[in-house]
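If you want the building blocks of each chain, they are given just below.
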Amino acid sequence: MLYHEFLEGTGAVDNQASYDEYKRVEAFYMACDGMTKEDVYRMAKVETVAQYEARMEKAREDELAWVMQNIIPAAAFIRGMSEKADYFRKNFVYVSECGNCFEIREVKAINGRSVVLYEFWCNGKRIDTEITGYGLLPSAEFQSYRADWHDKSLKELEDLFGYIA
């Protein structure tokens, strides 16, 4: 039995967990003469493509809900992660692990770019930031985020800044 046959037969997502499950059930298949591929497919415990998509859709909705409640810290995070990927971008873009594409688009620069006003976009739709008290997000509110903090563990952050609750 080949791996792509296993994926087609089970409807599994192509990831490391599915491959590990394939290796586990393939050992049974090779050891037993009377076992069919359909028996192996029923025996496998994998996440199907439909289950994966449903889980990712829920994760995208939850992430967007969190961003709407915490718009300024989210903007700082997106700005930091975008600068980490490419420092010279005019607009800040970040694609999260669950597939949301966040973008902070420059609208207007004030006083020689000392303050820049941005619109917040998610998956190609403009997000209404009126709930934060801002029509447009001023860059002065989210300047302090450092993208290299994202990769650090809690212990490393505590070493940098002291105790973190």
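Residues numbered from 1 in each chain as written. Predicted model: local features only at pLDDT ≥ 70, side-chain atom pairs only at ≥ 80, totals over all residues. Heavy atoms only, no water.

Below, the discussion takes up the pattern of salt bridges. Taken as a whole, this structure holds nine salt bridges when the rule is applied. Salt-bridge contacts for E57 lead to R60; the nearest nitrogen and oxygen are separated by 3.1 Å. Here E57 and its partner R60 are both found in helix α4 (residues 49-69), three residues apart, which amounts to about one turn of the helix. Assessed through its relative accessible area of 19%, R60 is described here as buried. The closest approach of N and O atoms between D62 and K58, which form a salt bridge, is 3.0 Å. Within this pair, D62 and its partner K58 are both found in helix α4, separated by four residues, close to a single helical turn. (Salt bridge = Lys/Arg side-chain N within 4 Å of Asp/Glu carboxyl O. Helix = DSSP H or I, 4+ residues; strand = E, 2+ residues; numbered from the N terminus. Buried < 20%, exposed > 50% of the residue type's maximum accessible area, 1.4 Å probe, protein only.)

Note that T10 resides in helix α1 (residues 3-10). Classification of T10 as buried rests on a relative accessible area of 16%. At 2.7 Å, the side chain of T10 forms a polar contact with the backbone oxygen of F6. At 3.3 Å, the side chain of T10 and the backbone nitrogen of A12 are in polar contact. Beyond its immediate sequence surroundings of up to four residues, T10 is in contact with Y41, A44, V46 and T48. (Polar contact = N/O pair within 3.5 Å; in protein donor to acceptor, adjacent residues only side chain to side chain. Contact = heavy atoms within 4.5 Å.)

Packed helices, taken two at a time, are described by the angle their axes make and the gap between the axes. Running from amino to carboxyl end, α1 crosses helix α2 (residues 16-31) at an angle of 105°, the nearest separation of the two axes being 10 Å. With respect to each other, α1 and α2 are oriented roughly perpendicular. Note on element contacts: α2 touches α1 through S18, Y19, E21, Y22 and V25, opposite Y3, F6 and L7. In terms of residue class, the contact of α1 with α2 is made up of six nonpolar, one polar and one charged. (Axes fitted to C-alpha atoms, helices over the stretch in contact; angles between N-to-C directions. Parallel < 35°, antiparallel > 145°, perpendicular 65-115°, else oblique. Nonpolar A, V, L, I, M, F, W, Y, C, P; charged D, E, K, R; others polar.)

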